[in-house]
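What follows is the residue order along each chain.
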Amino acid sequence: MLIADTLRLFVGHGRRISWADLAAATGDKERKLRSYVETDGPEMPLDVFMRVFAILPPDAFARFARHMGFGAEPLDVCPDATVLRALSQSARLVADGNEFLEDGKLDPRERAQLAERASALLPVLQSIVGSGSAH
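Residues numbered from 1 in each chain as written. Predicted model: local features only at pLDDT ≥ 70, side-chain atom pairs only at ≥ 80, totals over all residues. Heavy atoms only, no water.

Peer 1: Before we move on, can you summarise the nonpolar core with the specific residues and values?
Peer 2: When a protein is soluble and globular, its nonpolar side chains tend to lie buried together. Counting 20 residues, the largest nonpolar core has L7, L22, L33, M44, V52 and L56 as the members making the most contacts within it. Among the secondary structure elements, those contributing two or more residues to this core are α1 (2–10), α2 (19–26), α4 (46–55) and α5 (58–67). If you look at the next biggest cluster of nonpolar residues, it comprises five residues, including C78, A86, V124 and I128. (Core = buried A, V, L, I, M, F, W, Y, C linked by side-chain atoms within 4.5 Å. Buried < 20%, exposed > 50% of the residue type's maximum accessible area, 1.4 Å probe, protein only. Helix = DSSP H or I, 4+ residues; strand = E, 2+ residues; numbered from the N terminus.)

Peer 1: How would you sum up a nonpolar patch on the surface? Please name residues and give values.
Peer 2: A cluster of nonpolar side chains, F61, M68 and F70, forms an exposed patch at the surface whose accessible area comes to about 330 Å². Topologically, F70 is positioned in the loop between α5 and α6 (83–100). (Patch = residues over 30% accessible without salt bridge, like charges linked within 9 Å, V, L, I, M, F, W, Y side chains within 5 Å. Areas by Shrake-Rupley, 256 points an atom, 1.4 Å probe, with all protein chains shown as cover. Salt bridge = Lys/Arg side-chain N within 4 Å of Asp/Glu carboxyl O.)

Peer 1: Got a sec to walk through the packing of α1 against α5? Specific residues and values, please.
Peer 2: Where α1 meets α5, the closest approach of the two axes is 10 Å, and the angle between their N-to-C directions is 155 degrees. Classified by the angle between their axes, α1 and α5 sit roughly antiparallel to one another. Classified by chirality, the crossing of α5 by α1 is right-handed. Between α1 and α5, the residues in contact are L2, I3, D5, T6, L9 and F10 and D59, A60, R63, F64 and H67, respectively. In terms of residue class, the contact of α1 with α5 is made up of six nonpolar, two polar and three charged. (Axes fitted to C-alpha atoms, helices over the stretch in contact; angles between N-to-C directions. Parallel < 35°, antiparallel > 145°, perpendicular 65-115°, else oblique. Left-handed = near helix turned anticlockwise from the far one by under 90°. Contact = heavy atoms within 4.5 Å. Nonpolar A, V, L, I, M, F, W, Y, C, P; charged D, E, K, R; others polar.)

Peer 1: Tell me what's going on with the packing of aromatic side chains, and back it up with residues and numbers.
Peer 2: Aromatic rings in a pair are described by how distant their centres are and how their planes are angled relative to each other. Applying the stated criterion across every chain yields a total of four aromatic pairs. Judged by centre distance (6.3 Å) and plane angle (65 degrees), the rings of F49 and F61 are edge-to-face. Of this pair, F49 sits in helix α4 while F61 sits in helix α5; the two residues are twelve residues apart in sequence, bridging distant segments of the chain. The class for F49 is buried, based on a relative accessible area of 12%. According to the relative accessible area criterion, F61 is partly exposed, its value standing at 36%. (Phe/Tyr/Trp six-rings, centres within 6.5 Å; stacked < 30°, edge-to-face > 60°.)

And the structure:
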């Protein structure tokens, strides 16, 4: 029942993901995927569940995680995240890492700088993943 309700929330006409898009992304037949929301529909096998929920937004899986007693902090998102910004910050992180490792080791100051850059990059990446933004 939770699977069917979740699919109805995230997939279909007027939703973020169409049944056809979900079928294309998972490699499953659209008719098979639609059957999981029907009254008395089949039980979704674990392999299909994993493929489907890998495509759906993180909020979809969070419904199951809460039901199972797991919780997580909401994603820290960046409202002005773009792919260009993510690439730029990633490149800076890699450049700094390469520079710091020229002597073969990371000192505590270098490690802290890399951690700070990586930490700043996470909300940008999470925003892109969560929104599907391709700007």
